Amino acid sequence: MSILGFLLLGGCLLLLSLNTPVDGNYLANALPASILVALGNAFAYLPATTAATLATTFLSRLTHDSNRHSSGMP
């Protein structure tokens, strides 16, 4: 999923650099690239953030369980 997101972000950069004339308008020239940026960010960064949060939660629970058992507490 992350690869797709970064490809979309790269496509957005190409779209902005090749499809933005000086006298262009927002709807035809900037909005498609902005939509691509939103999709690229969603596919690139949200899975990484979710994975990091889940890993942190899992490791903190593992650490708390290990401390409890090593201290002799049930």
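Residues numbered from 1 in each chain as written. Predicted model: local features only at pLDDT ≥ 70, side-chain atom pairs only at ≥ 80, totals over all residues. Heavy atoms only, no water.

### A few points about the packing of aromatic side chains
Step number 1: Under the criterion given, the structure shown has 1 aromatic pair.
Step number 2: A centroid spacing of 5.6 Å and a plane angle of 90 degrees characterise the contact between Phe6 and Tyr45, whose relative ring orientation is edge-to-face. One end of the pair, Phe6, is in helix H1 (residues 2–18); the other, Tyr45, is in helix H2 (residues 26–70), with 39 residues separating them in the sequence.
Step number 3: By relative accessible area, Phe6 is classed as partly exposed at 42%. (Phe/Tyr/Trp six-rings, centres within 6.5 Å; stacked < 30°, edge-to-face > 60°. Helix = DSSP H or I, 4+ residues; strand = E, 2+ residues; numbered from the N terminus. Buried < 20%, exposed > 50% of the residue type's maximum accessible area, 1.4 Å probe, protein only.)

### Some points on H1
Step number 1: Given a rise of 1.5 Å per residue, 17 residues ought to cover 24 Å, and the 24 Å separating the end C-alpha atoms of H1 matches this to within 8%.
Step number 2: Within H1, burial applies to Gly5, Leu9 and Cys12. On an axial view of H1, the arc spanned by its buried residues comes to 55 degrees, and they lie on one face. Facing away from the buried side of H1 by more than 90 degrees, the exposed set consists of Ile3, Leu7, Leu14, Ser17 and Leu18. (Expected span 1.5 Å × (residues − 1). Arc of directions from axis to C-beta.)

### Concerning the side chain of Asn29
Step number 1: Relative to the assigned elements, Asn29 resides in helix H2.
Step number 2: Asn29 gets classed as buried once you look at its relative accessible area, which sits at 11%.
Step number 3: Of note is the side chain of Asn29, whose polar atom sits 3.0 Å from the backbone nitrogen of Asn25.
Step number 4: Once residues within four sequence positions are removed from consideration, Asn29 is found in contact with Leu16, Asn19, Thr20, Pro21 and Gly24. (Polar contact = N/O pair within 3.5 Å; in protein donor to acceptor, adjacent residues only side chain to side chain. Contact = heavy atoms within 4.5 Å.)

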